[in-house]
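Okay, here's what each chain looks like letter by letter:
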Amino acid sequence: MKPDELRRRLEFYQDIGMTTLYRRPATALARGTDAAEADVSGAPPASAAVQPSISLPPLEPSGDTLLRILEDIGDCRRCRLHEGRTKLVFGVGNERAPLVFVGEGPGADEDAQGIPFVGRAGQLLTQMIEGTAKKEGIELRREDVYICNVVKCRPPGNRTPEADEMEICGQFLYRQLSAIAPKAICALGGTAARALTGRKEGVTKMRGRWLEWRGIPVMVSYHPSYLLRPYNQDAKREAWEDLKKVLHFVYD
Ligand code: SF4
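Residues numbered from 1 in each chain as written. Predicted model: local features only at pLDDT ≥ 70, side-chain atom pairs only at ≥ 80, totals over all residues. Heavy atoms only, no water.

**Q** How would you explain the site of the ligand if you had to name every residue and give the values?
**A** Close to the ligand lie Cys76, Cys79, Leu81, His82, Arg85, Leu88, Lys152, Cys153, Ile168 and Cys169. Here the residues of the shell around the ligand are counted per class, giving seven nonpolar, one polar and two charged. (Near = heavy atom within 4 Å. Nonpolar A, V, L, I, M, F, W, Y, C, P; charged D, E, K, R; others polar.)

**Q** Explain unusual backbone geometry to me, using residue names and the numbers behind them.
**A** The backbone of Phe117 shows a phi angle near 55°, a positive value even though the residue is not glycine. Residue placement: Phe117 occurs in the loop between helix H5 (108-113) and helix H6 (120-135). In this structure Phe117 comes out as buried when scored by relative accessible area, which is 5%. Notably, Ala181 is not glycine yet its phi reads approximately 50°, a positive angle. Among the structural elements, Ala181 can be located in the loop between helix H7 (163-180) and strand S6 (184-188). Since its relative accessible area comes to 51%, Ala181 is described here as exposed. (Helix = DSSP H or I, 4+ residues; strand = E, 2+ residues; numbered from the N terminus. Buried < 20%, exposed > 50% of the residue type's maximum accessible area, 1.4 Å probe, protein only.)

**Q** Summarise the nonpolar core; cite the residues concerned and give the values.
**A** In terms of nonpolar packing, the biggest core is built from 60 residues, with Leu99, Phe101, Val102 and Leu196 touching the most fellow members. It is H7 that provides the largest number of residues to this core, a total of eight residues. If we ignore the near neighbours within four places in the chain, the residues touching Leu196 are Val102, Leu173, Tyr174, Leu177, Ile185, Ala187, Glu212, Trp213 and Val218. (Core = buried A, V, L, I, M, F, W, Y, C linked by side-chain atoms within 4.5 Å. Contact = heavy atoms within 4.5 Å.)

**Q** Tell me about the packing of helix H4 (residues 66-73) against H7, residues and numbers included.
**A** A packed helix pair is summarised by two numbers, namely the angle formed by the two axes and the spacing between the axes. Contact pair H4 / H7: the axes reach a minimum separation of 9 Å and the direction vectors enclose 165°. On the basis of their axis angle, the class for H4 and H7 is roughly antiparallel. As for the relative orientation of H4 and H7, their crossing is right-handed in sense. Here Leu66, Arg68, Ile69, Asp72 and Ile73 of H4 lie close against H7, whose contacting residues are Phe172, Arg175, Gln176, Ala179 and Ile180. Among the residues making up the contact of H4 with H7, the classes are represented as six nonpolar, one polar and three charged. (Axes fitted to C-alpha atoms, helices over the stretch in contact; angles between N-to-C directions. Parallel < 35°, antiparallel > 145°, perpendicular 65-115°, else oblique. Left-handed = near helix turned anticlockwise from the far one by under 90°.)

**Q** Can you tell me about the environment of Ala193, naming the residues and giving the values?
**A** Residue position: Ala193 is located in helix H8 (residues 190-197). Given a relative accessible area of 0%, Ala193 falls into the buried group. Once the C-alpha coordinates of Ala193 and Val220 are considered, the two residues, 27 residues apart in sequence, prove to be 6.1 Å apart. When residues no more than four places from it in sequence are discounted, the contact partners of Ala193 are Ala187, Gly198, Met206 and Val220.

**Q** How would you sum up the sheet that holds S6? Please name residues and give values.
**A** Here six strands make up an open sheet; going across it, the order is S3-S5-S4-S6-S8-S7 and the pairing mixed. With one partner strand each, in any of the chains shown, strand S3 (92-93) and strand S7 (210-213) form the two edges of the open sheet. Strand direction decides the pairing type here: strand S4 (residues 99-103) and strand S5 (residues 146-149), joined by four bridges, are parallel. Bridge pairing in S5 places Val100 opposite Tyr146. (Pairing = 2+ DSSP bridges.)

**Q** Describe in detail the side chain of Gln171, supporting the description with residues and values.
**A** One can find Gln171 in helix H7. A polar side-chain atom of Gln171 sits 3.0 Å from the main-chain carbonyl oxygen of Ile168. (Polar contact = N/O pair within 3.5 Å; in protein donor to acceptor, adjacent residues only side chain to side chain.)

**Q** Explain the environment of Arg194 to me, and be specific about the residues and the numbers.
**A** Of note, Arg194 is situated in helix H8. With relative accessibility at 33%, the residue Arg194 sits in the partly exposed group. Separated by 26 residues in sequence, Arg194 and Val220 place their C-alpha atoms 9.6 Å apart. Each residue touching Arg194, except ones within four places of it in the same chain, is listed here: Arg199, Lys200, Glu201, Gly202, Val203 and Met206. A distance of 3.1 Å separates the side chain of Arg194 from the backbone oxygen of Glu201, its partner in a polar contact.

Below you can see the structure in the form of structure tokens.
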């Protein structure tokens, strides 16, 4: 199979949520069977000795762009979250931003408008970005960064996205991040931090530290909706410290 055909086929499998392939033993190849074509069911072949599974890395077409990713998402129904959405919330901001903020998923306001972080939490995020930058002597507006979420459709009742939903939709987040190639990422809240870093800890353990997504530094901080709760004064101060750290790293 030619590389382009193979890529298209693998993209199709990823689109339907299949992320693991099993290798056929070499004898199958010797019989002239194309392993990638013949054995993609996600289950080991019954008649063959099981070979180690291969987790597919997310596929980014070469020269990927946000427009191409948006076209690929289309009227996405790849996971159950499409059922309750009003608008798919792809992302907003500068396609070449050196800094990307990643949240968990759209809320009610975002779902209605199709734009991430436009409700109360979003307004707080905008104030934090622009206010902190100004205080630190950095010229920065919200539209200079890029803002998106792990899942692009609103989970019912604002529940946390399920693991399979994040895995399926995460391929688009990964492609967005690869296409933008920012200098740093700021993960807002534990769900985004865990989706990007694969770690299991809570946000309080991870926040304020530099972690990594494919070689790109990731600063973890609180989700602005957490900061809106009245008893979280300490968290607000910590989030401000996190933001200062990431802004100086990216823009100094
Ligand atoms: S959350 Fe993502 S994968 Fe699920 S339907 Fe929406 S866009 Fe598609």
